[in-house]
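# Descriptive analysis of the structure
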Amino acid sequence: MNPMVEFCISNLANGAQETYEALEKDPNIDVLEYGCLSFCTKCSECFYALVNGDIVEADSPSELTKKIYDYIEENPLW
């Protein structure tokens, strides 16, 4: 089972698309996008994604990518 990373389409439009595209190339991660993840305040304040149901946030798309990989490494599914 792969880690699941979920993105809000509004956050992708705000710049997180770079992270989405980088993660989508990784066959060991399942990446999904939704119309809304119901974290509108987060969406307007920073870049974020849900990783296995937990919020990971950052100030830039490249930092978000790094933090997502760090989170996955520190919180294995098995």
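Residues numbered from 1 in each chain as written. Predicted model: local features only at pLDDT ≥ 70, side-chain atom pairs only at ≥ 80, totals over all residues. Heavy atoms only, no water.

Taking an unreviewed UniProt entry as the reference, the protein is identified by name as YuzB family protein belonging to Metasolibacillus meyeri.

Bringing the overall build of the protein into the picture now. Across its full length, the protein holds three helices and four strands. Going residue by residue from the N terminus, the α and β elements of the protein occur as β-α-β-α-β-β-α. Since a compact globule built from 78 residues should have a radius of gyration of about 12 Å, the 11 Å found for the protein is in line with a globular shape. Projected onto its principal axes, the C-alpha coordinates of the protein cover approximately 35 × 20 × 20 Å. (Helix = DSSP H or I, 4+ residues; strand = E, 2+ residues; numbered from the N terminus. Rg over C-alpha atoms; globule rule 2.2 N^0.38 Å.)

Locating Thr19 in the fold gives a position in helix α1 (residues 9-24). What makes Thr19 buried here is its relative accessible area of 0%. Once you skip the residues sitting within four places of it in the chain, Thr19 turns out to touch Phe7, Pro61, Leu64, Thr65 and Ile68. (Buried < 20%, exposed > 50% of the residue type's maximum accessible area, 1.4 Å probe, protein only. Contact = heavy atoms within 4.5 Å.)

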